[in-house]
Amino acid sequence: MAIIVQPQDPTEVLHTARRPAPEAAPPLAGLEARSISAWFGDHKVLDRVSLTMPAGVVTSLIGPSGCGKSTFLRILNRMHELVPSASLAGEVLLDGDDIYDRSHRLVDARKKIGMVFQKPNPFPAMSIYDNVVAGLRLTGVRPARQEKDELVESCLIRAGLWSEVKNRLREPGGGLSGGQQQRLCIARSLAVRPRILLMDEPCSALDPTSTRVIEETMLELRHEVTIVIVTHNMQQAQRVSQQCAFFLASQGTPGIIVEHGDTAAMFDSPQDQRTYDYVTGRFG
């Protein structure tokens, strides 16, 4: 018979005993943008951009600064509308349903389509444990203590962070290294069980070792969540994505997608000269 020693604080060392089977993950979801145009005031930054992001695929958005990649990413989970002067046209379909339809609540879109930002943004004074479950309050979920413990462990494992923090879950999230903080933010996003995960330059402020860990995490997560990543790192796009879209804005014109498709094909034999020039480093 197994002997289980109960820790003084259940969150210091989470369950080593056999746990109930986890709740079944939602089916993988695809995302489709149709004829997206976007403005900041009178300035048009995107012009009729359409892109299908298939379920279970990492899609990378590449292109020089100022071509609308991050704006497009924020439109995908309704963050663009937070800017007072911002407006847009077009549709964003999650499994065929337009997230901008008036019948859809903003909180539902954010729950289904999570976001990880360029700079890690954990709540610095909040514990690692509480950081992971922070998003649950916004969705109205009130899990029991054991369910929260299991969720924290599961999300930290999936974010590749559990082994490094399992014995200090009550320490502040702000005390982690930059790479660990970014993985904590990924765990926090996963806790609300998103179907899509958007990542805006998630490794740009990290060292090569932390970048490698984040990339490995993405490759593992794509089997349970569809990922869209903005990156300026051409090697990273090749390493982590199966599909790639090249954005470009030139001479004051709004951003467009010049070319998109299989990542290997985009880098090995692009169809557009502008794509070739960009991926081979001739500009950008």
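Residues numbered from 1 in each chain as written. Predicted model: local features only at pLDDT ≥ 70, side-chain atom pairs only at ≥ 80, totals over all residues. Heavy atoms only, no water.

### Structural notes on the confidence of the model for the protein chain
Overall, the predicted model of the protein chain reaches an average pLDDT of 89, with 90% of residues at or above 70. Scored below 50 in pLDDT, residues 1-22 shows 30 contacts in the model against residues more than four places distant or in partner chains. (pLDDT = per-residue confidence, 0-100. Contact = heavy atoms within 4.5 Å.)

### Considering the packing of aromatic side chains
Scanning the model with the defined rule gives 3 aromatic pairs in all. For the ring pair phenylalanine 246 and tyrosine 278, a centre distance of 5.0 Å and an interplane angle of 25° mean the geometry is stacked. Linking phenylalanine 246 in strand β9 (residues 243-248) with tyrosine 278 in helix α10 (residues 273-279), this pair joins segments that are 32 residues apart in sequence. As far as burial versus exposure is concerned, phenylalanine 246 and tyrosine 278 are alike and both buried. Members of the aromatic cluster, each reached through a chain of ring pairs, are Phe246, Tyr278 and Phe283. (Phe/Tyr/Trp six-rings, centres within 6.5 Å; stacked < 30°, edge-to-face > 60°. Helix = DSSP H or I, 4+ residues; strand = E, 2+ residues; numbered from the N terminus. Buried < 20%, exposed > 50% of the residue type's maximum accessible area, 1.4 Å probe, protein only.)

### Points about the pattern of salt bridges
Counted under the stated rule, the structure contains 16 salt bridges. Two residues, arginine 34 and glutamate 91, come together in a salt bridge whose shortest N-O distance is 3.7 Å. Residue arginine 34 is located in strand β1 (residues 31-40), and its partner glutamate 91 is located in strand β4 (residues 86-94); the two are separated by 57 residues in the primary sequence. On the accessibility criterion, arginine 34 (38% relative accessible area) is partly exposed. Here aspartate 130 ties to arginine 170 by a salt bridge, and the two come within 3.4 Å at their closest N and O atoms. (Salt bridge = Lys/Arg side-chain N within 4 Å of Asp/Glu carboxyl O.)

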